[in-house]
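Each chain is listed here by its residues.
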Amino acid sequence: MKNFTTPIGAFLLALVIVGCATVAETGRRQILLINSSEEMKLGMTEFDKLKQSTPVSKDAAASAMVRRVGQRIAAVAPLPEAQWEFVLFDDPKTANAFCLPGGKVGVYSGILPICQSETGLAVVVGHEIAHAVARHGAERMSHGLLAEMGGKVLAEAMKARPEATQKLVMQSYSIGAQVGVLLPYSRSQEYEADHLGMIYMARAGYDPAETVAFWKRFSGTQAQPAGLMGKLQGYLSTHPVNADRIAQLEQLLPKARAEYKSAAR
Ligand SMILES: [Zn+2]
């Protein structure tokens, strides 16, 4: 085991233990240096911290809508062992949402005006749950561990540089605006989350056509209500959108609408 004390050795060991995985449904290969149970524990801990540091919304109707959308999508999303929780945070200046491993979904109230409706919220929640199912946060964190920690697996990195690792966790899971720059999802991750999210929302009985409308609102091709553009930038920085992405969404729509119609029956 001596060889595994160097960063490269640790990286190789990590690849042997955790290594490559394949995303269900899309079949894409990914590198993961953190296993599911470690990741789930992390998600639970971060969510608990967040609930203590960020006020939870007192808007009963909006909170109930977040729970309703979340529960309907959770019922069709393959996230085994999830302990689902859906919380609306009172933060009108933050237009963001996330799903931590373990099924902990947080929505910041600043994103609701962009969603415009329950179906619009289903686009966001479906997309975020899809990021969690495909383990994109763990993938981003693994890339960060490779780049910043010489490929240390998470447990080792946490021991060696706890603060840097903590920051990486926050950035990778798009939580806590206070850490500064959140890591943007890659194009293939965004496409995957769009694809899966659209299918989930359709199976949950929400019209997936809203996905195209929602991201068109984001892409800036349509006029924005005053004051919305600054908020849009927040979500756009982690979820880049361009014409290619809109075209791909439109391509996915017939398949998703077929799911929607059979769910409605
Ligand atoms: Zn995304």
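For the structure itself, consult the block above.
Throughout this document, residue positions are counted from 1 along each chain, in the order its sequence is written. Predicted model: local features are reported for residues with pLDDT of at least 70 only, side-chain atom pairs are reported and counted for 80 or more only, and whole-chain, interface and lining totals are derived from all residues. Remark: hydrogens and water are excluded; side-chain values derive from all non-hydrogen atoms of the structure.

> Mind laying out the pairing of strand β3 (residues 85-89), listing which residues take part and the relevant values?
Partly exposed describes any residue whose relative accessible area lies between the buried limit of under 20% and the exposed limit of over 50%, with all areas from a 1.4 Å probe on protein chains only and scaled to the type maximum. Runs of E in the DSSP output that reach at least two residues are strands. Runs of H or I that reach at least four are helices, and both are numbered from the N terminus. In terms of burial, β3 is a largely internal element, four of the five residues being buried. Following DSSP output, two strands are said to pair if at least two bridges run between them. Summarising the sheet, β3 and strand β5 (residues 104-108) pair through five bridges and their orientation is parallel. Residue pairing for β5: E85 is matched across the bridge by K104.

> Could you give an account of the pattern of salt bridges, with specific residues and numbers?
Whenever a carboxyl oxygen of Asp or Glu lies within 4 Å of a side-chain nitrogen of Lys or Arg, that contact is scored as a salt bridge. Across all of its chains, the model carries 15 salt bridges by this definition. Here R28 makes a salt bridge to E139, at a shortest N to O gap of 3.0 Å. Note that R28 is positioned in the loop between β1 (20-22) and β2 (29-31) and E139 in helix α6 (residues 136-148), a separation of 111 residues in sequence. Between K104 and E85 there is a salt bridge whose closest N-O contact spans 2.9 Å. Note that K104 is positioned in strand β5 and E85 in strand β3, a separation of 19 residues in sequence. E85 gets classed as partly exposed once you look at its relative accessible area, which sits at 22%.

> Can you explain the sheet that holds β5? Please cite residues and give values.
What the three strands build is an open sheet, ordered β3-β5-β4; its pairing is mixed. Each edge of the sheet is formed by a strand with only one pairing partner; in this case those strands are β3 and β4 (97-100). Sheet twist, expressed as the average angle between the axes of neighbouring strands with direction ignored, equals 15°. Pairing geometry for β4 and β5, over four bridges, is antiparallel. Each residue of the ladder has a partner; that of F98, found in β5, is G106. Only heavy atoms enter the contact rule, under which two residues are in contact if any of them lie within 4.5 Å. Simply put, an axis is a line fit to the C-alpha atoms, just over the touching stretch for a helix, and the angle between two N-to-C directions goes from 0 to 180 degrees. Of the strands in this sheet, β3, β4 and β5 are in contact with helix α2 (residues 36-53), which crosses β3 at around 30°. Along the sheet, helix α5 (residues 118-133) makes contact with β4 and β5, crossing β4 at roughly 35°.

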